[in-house]
Amino acid sequence: MSQPHRAYHNLHHVESILEHAFYSQLRYTEPSEEFDVGSPWRIVCYAALMHNYVYDVTRHDNAAKSAQYASILASGTNLTEAELRKSVECIMAISTLNLEKYKDDFIVFAFLHGYLNVLFSYRPRYVYYSRCIRFEYSMYSAEEYRIRRTKFLEKIRTKITPYLSRNEIVKLDRNIDNELTMYLRHLEQFDRKIMCDIT
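Since we're looking at a predicted model, the values are computed, not measured.

### Details of the overall build of the chain
When helices and strands are counted, the chain shows ten helices and zero strands. Ordering the α and β elements of the chain from the N terminus gives α-α-α-α-α-α-α-α-α-α. The buried share of the chain, taken over its 199 residues, is 48%. Expressed as a percentage of contacts within the chain between residues at least 6 apart in sequence, the contacts between residues at least 24 apart total 63%.

The following block contains the structure:
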């Protein structure tokens, strides 16, 4: 996962998912605790590690392809069949980010919450994330990226806000508003600096 196009979607991203999922959700369980589908710790760890095994910003089937590899490579792990199925479900959930569907599914919700946490993180971390995403999508012109990114940010804000805490909503709104009004509005000016900073 150290390919050049993974400015953000790399092992640091995996670590971030796990750190947040464990701190905000899974801390109420023990590593040895078993649910009816197995250990939530093992499930979320494997899902986080494999969820971007295939990552190509020009494709729309990254989650499905990554889930396939997760199934293939699971033979080298100690996951049970039930745990693998749940890990694959976590990975596939990324394709829709449907928190409504998983709001009562403790394990998948914890994984998705960890996956999305950068959106409602502290400002320096979000700024770095937004710059890295632009680098990953640098094949698009500033104007095309601005349109695509604005549409994504508004859609994701509407989709996840009902499932966040009040504090998380404040951070989410601050981060997205800042990107929309400052960064994306002056994208051409930032582009030159981004390419220098990240490379």
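### Concerning the nonpolar core
In terms of nonpolar packing, the biggest core is built from 54 residues, with Phe111, Leu112, Leu116, Leu119 and Ile160 touching the most fellow members. Once residues lying within four places of it in the same chain are set aside, the contact partners of Phe111 are Ile17, Val44, Ala47, Ala48, His51, Cys90, Ile91 and Ile94.

### What about the packing of helix α3 (residues 62–73) against helix α4 (residues 81–93)?
For any two helices packed against each other, one specifies the inter-axial angle together with the distance between the axes. Closest axis-to-axis distance for the α3/α4 pair is 9 Å, and the angle between their directions is 165°. With respect to each other, α3 and α4 are oriented roughly antiparallel. Helix-helix and strand crossings are classified by hand; for α3 and α4 the assignment is right-handed. Contacts between α3 and α4 pair Ala63, Ala64, Ser66, Ala67, Ala70 and Ser71 from the former with Leu84, Val88, Ile91 and Met92 from the latter. When the residues that make up the contact of α3 with α4 are grouped by side-chain class, the tally is eight nonpolar, two polar and no charged.

### Concerning the packing of α4 against helix α6 (residues 106–116)
Interhelical geometry of α4 versus α6 gives an angle of 45° and a closest axis separation of 9 Å. Judged by the inter-axis angle, α4 sits oblique to α6. The interaxial crossing formed by α4 with α6 has right-handed handedness. From α4, Lys86, Glu89, Cys90, Ile91 and Ala93 reach across to α6, where they touch Ile107, Val108, Phe111 and Leu112.

### Describing the confidence of the model for the chain
Of all residues in the chain, 86% attain a pLDDT of 70 or more, and the chain-wide mean is 88. Across the chain, the secondary-structure element scoring lowest on mean pLDDT is helix α10 (residues 187–198), at 64, and the one scoring highest is α3, at 97.

### Focus: the pattern of salt bridges
Applying the stated criterion to the full structure yields eleven salt bridges. The salt bridge partner of Glu154 is Arg157, with a shortest N-O separation of 3.4 Å. Taken together, the positions of Glu154 and Arg157, both in helix α8 (residues 142–160) and three residues apart, correspond to about one turn of that helix. Classification of Glu154 as partly exposed rests on a relative accessible area of 35%. The class of Arg157 is buried, set by a relative accessible area of 13%. Between Arg157 and Asp177 there is a salt bridge; the shortest N-O distance is 3.0 Å. Placement of Arg157 in helix α8 and of Asp177 in helix α9 (residues 166–183) is noted, with a sequence separation of 20 residues between them. Judged by its relative accessible area of 35%, Asp177 falls in the partly exposed class. If you follow the salt bridges from partner to partner, you end up with Glu154, Arg157, Asp173 and Asp177 in one network.

### Digging into the environment of Ser66
When you line up the elements, Ser66 lands in helix α3. Ser66 sits in the buried class, given a relative accessible area of 0%. When the C-alpha atoms of Ser66 and Ile91 are compared, they prove to be 7.5 Å apart, with 25 residues separating the residues in sequence. Ignoring anything within four residues of it in the chain, the contact list for Ser66 reads Met50, His51, Asn52, Tyr53, Val54 and Ile91. At 3.0 Å, the side chain of Ser66 and the backbone nitrogen of Val54 are in polar contact.

Conventions we followed
Residues numbered from 1 in each chain as written. Predicted model: local features only at pLDDT ≥ 70, side-chain atom pairs only at ≥ 80, totals over all residues. Heavy atoms only, no water. Helix = DSSP H or I, 4+ residues; strand = E, 2+ residues; numbered from the N terminus. Buried < 20%, exposed > 50% of the residue type's maximum accessible area, 1.4 Å probe, protein only. Contact = heavy atoms within 4.5 Å. Core = buried A, V, L, I, M, F, W, Y, C linked by side-chain atoms within 4.5 Å. Axes fitted to C-alpha atoms, helices over the stretch in contact; angles between N-to-C directions. Parallel < 35°, antiparallel > 145°, perpendicular 65-115°, else oblique. Left-handed = near helix turned anticlockwise from the far one by under 90°. Nonpolar A, V, L, I, M, F, W, Y, C, P; charged D, E, K, R; others polar. pLDDT = per-residue confidence, 0-100. Salt bridge = Lys/Arg side-chain N within 4 Å of Asp/Glu carboxyl O. Polar contact = N/O pair within 3.5 Å; in protein donor to acceptor, adjacent residues only side chain to side chain.

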